[in-house]
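Remarks on the overall topology
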Amino acid sequence: MVIGATGQIGRVAVGALARDGWQVTAVSRGGGRDEGWPEDVRVARADREDDAELAAAVGEGCDVLVDMVAYGPAHARQLTSLAGRVGSAVVISSVSVYEDDKGRNFGTQEEPDGFPEYPVPMTEAQRTVRPGEDSYSTRKAGLERELRAAGEQLPTTLLRAGAIHGPHCQTPRELYFVKRNLDGRTRRVLPYSGESRFHPASVHNIAELIRLAAARPGSRVLNAVDPDAPTVAEIARAIDAVMGVEREDVLVDGPPPAPTVGDTPWSVPVPVVLDMSAAERELGYRAVARYAETLPATVAWIEGQLAGRDWREAYPKMFQTYGDLFDYAAEDAWFTA
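Here the structure is a predicted model, which is why all the values come from computation and not from measurement.

1. With respect to the overall build of the chain
Scanning the chain from terminus to terminus reveals twelve helices and eleven strands. For the chain, the C-alpha radius of gyration of 20 Å lies close to 20 Å, the compact-globule estimate for 337 residues. When the backbone C-alpha atoms are referred to their principal axes, the chain occupies close to 65 × 45 × 35 Å. Across the 337 residues in the chain, those meeting the buried criterion constitute 53%. The contacts of the chain with a sequence gap of at least 6 include a subset with a gap of at least 24, amounting to 77%. Approximately 14900 Å² of the chain is accessible, and the part contributed by carbon and sulfur atoms is 46%. A gap of 3 Å separates the mean positions of the 36 positive and 50 negative side-chain charges of the chain.

This is how it looks when you write it as structure tokens:
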């Protein structure tokens, strides 16, 4: 059973599991079906915020429950309450749970000297934030703590995903360059000399990890990212190549020069790069996709979503998360100055 089946990762994971021989029930609030799924995939409607609806969807039980949208301790307890009817679980977590050895994390990055300095690459042994209700990161940490405490009662593979990319994403980082190219912007400002690296995670690679973990139940935490961690400048050029354009990178040493100038969704002062050795060792994992190979589908999806619409209407969560990413007046004023 896959919860959040019609979301960005769920669509691909359902197909991968079904083609691997699993009898899959795809659960979503709308009870929808993706056109790419095999015909024998069953669909069910349930709101995972409603304990009774979720329990009814599980019914008499399932061998594996895959949860794309679990968030916080309450959702973890909801899952563990079903332990008698669920053989094992695979749950999506986030790289944002990590903090550095000085206690800095993604929640402290706005403070002076607040951005964490992570080891490169970073393994699952890196310390994590204290669980709590303060932020996305602390709630994900709370989710992990509750599920790890369940142990053999509900063996759970937790996948700490990086910067997830692919069609159907509600907050696609690629939008930053796709829209600029569509708008004919010939120059773009890249802080930190364009060397920022925030490890991407293809929905196809995450789906492969889910497929492998479903067949090998266990209590574990694994990183979930692509084999490559390109710089923001390399990402920009890869998107240019897909769109058939050439653009000029204006590289700036240090942080963005103004609040709405050059602050890309990848702009971090130090690398955030994850190690995938544990997944390779424990699951026999091998990546099935590389970043540049998957870009055409991502770019085409974003272009389709933007067609005839304001970007804030097409991607409201992107605007809520990052603010005004396309303040061209401020960019032009900075170039002029």
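2. Some points on the environment of M122
Among the secondary structure elements, M122 is positioned in the loop between β5 (86-94) and α4 (136-150). Sequence-wise, M122 and S96 are 26 residues apart; in three dimensions their C-alpha atoms are separated by 12 Å. Contacts of M122, omitting those with residues within four sequence positions, involve V95, Y98, N223, V273, L274 and D275.

3. Regarding a negative patch on the surface
There is a patch of like negative charges on the surface, built from E49, D50, D51 and E53. One can find D50 in the loop between β3 (42-45) and α2 (51-58).

4. As for the nonpolar core
Membership of the largest hydrophobic core comes to 72 residues, with the highest contact counts inside it found for F177 and I210. The element that contributes the greatest number of residues to this core is helix α6 (residues 203-215), accounting for eight residues. When neighbours within four sequence positions are excluded, F177 is seen to be in contact with R188, L190, V232, I235, A236, I239, T264 and W266. Judged by nonpolar contacts, the second largest core, of 23 residues, contains M1, L54, V86 and L154.

5. Remarks on the packing of aromatic side chains
Counted under the stated rule, the structure contains eleven aromatic pairs. On the numbers, 5.7 Å between centres and 10° between planes, the contact of F177 with W266 is stacked. Separated by 89 residues along the polypeptide, F177 in helix α5 (residues 175-182) and W266 in the loop between β11 (248-251) and α8 (277-283) bring together distant segments of the chain. Three or more aromatic residues joined by ring pairs form one cluster here, namely Y176, F177, W266, W311, F319, F326 and Y328. Here the basic side chain of R180 rests over the ring of Y176, its NZ or CZ set 4.0 Å away from the ring centre. Between the NZ or CZ atom of R187 and the centre of the ring of F335, over which it lies, the distance is 3.8 Å.

6. Section: the sheet that holds strand β10 (residues 220-224)
Taken together, the seven strands give an open sheet; going across it, the order is β3-β2-β1-β4-β5-β6-β10, and neighbouring strands pair in parallel fashion. Two strands in the sheet have a free side with no partner beyond their single neighbour: β3 and β10. Inspection of the sheet shows strand β2 (residues 25-28) paired to β3 by four bridges, in the parallel sense. Along β3, the bridge assignment pairs V27 with A44.

7. Considerations on the side chain of R220
Secondary-structure assignment places R220 in strand β10. Classification of R220 as buried rests on a relative accessible area of 14%. Polar contacts involving the side chain of R220 include one to the side chain of E282, which spans 3.1 Å. Apart from residues no more than four positions distant in its own chain, R220 is found in contact with T156, T157, L158, A213, E282 and L283.

Conventions adopted
Residues numbered from 1 in each chain as written. Predicted model: local features only at pLDDT ≥ 70, side-chain atom pairs only at ≥ 80, totals over all residues. Heavy atoms only, no water. Helix = DSSP H or I, 4+ residues; strand = E, 2+ residues; numbered from the N terminus. Rg over C-alpha atoms; globule rule 2.2 N^0.38 Å. Buried < 20%, exposed > 50% of the residue type's maximum accessible area, 1.4 Å probe, protein only. Contact = heavy atoms within 4.5 Å. Areas by Shrake-Rupley, 256 points an atom, 1.4 Å probe, with all protein chains shown as cover. Lys, Arg positive; Asp, Glu negative; His and termini not counted. Charge placed at Lys NZ, Arg CZ, Asp CG, Glu CD. Patch = residues over 30% accessible without salt bridge, like charges linked within 9 Å, V, L, I, M, F, W, Y side chains within 5 Å. Salt bridge = Lys/Arg side-chain N within 4 Å of Asp/Glu carboxyl O. Core = buried A, V, L, I, M, F, W, Y, C linked by side-chain atoms within 4.5 Å. Phe/Tyr/Trp six-rings, centres within 6.5 Å; stacked < 30°, edge-to-face > 60°. Lys NZ or Arg CZ within 6 Å of the ring centre and 35° of its normal. Pairing = 2+ DSSP bridges. Polar contact = N/O pair within 3.5 Å; in protein donor to acceptor, adjacent residues only side chain to side chain.

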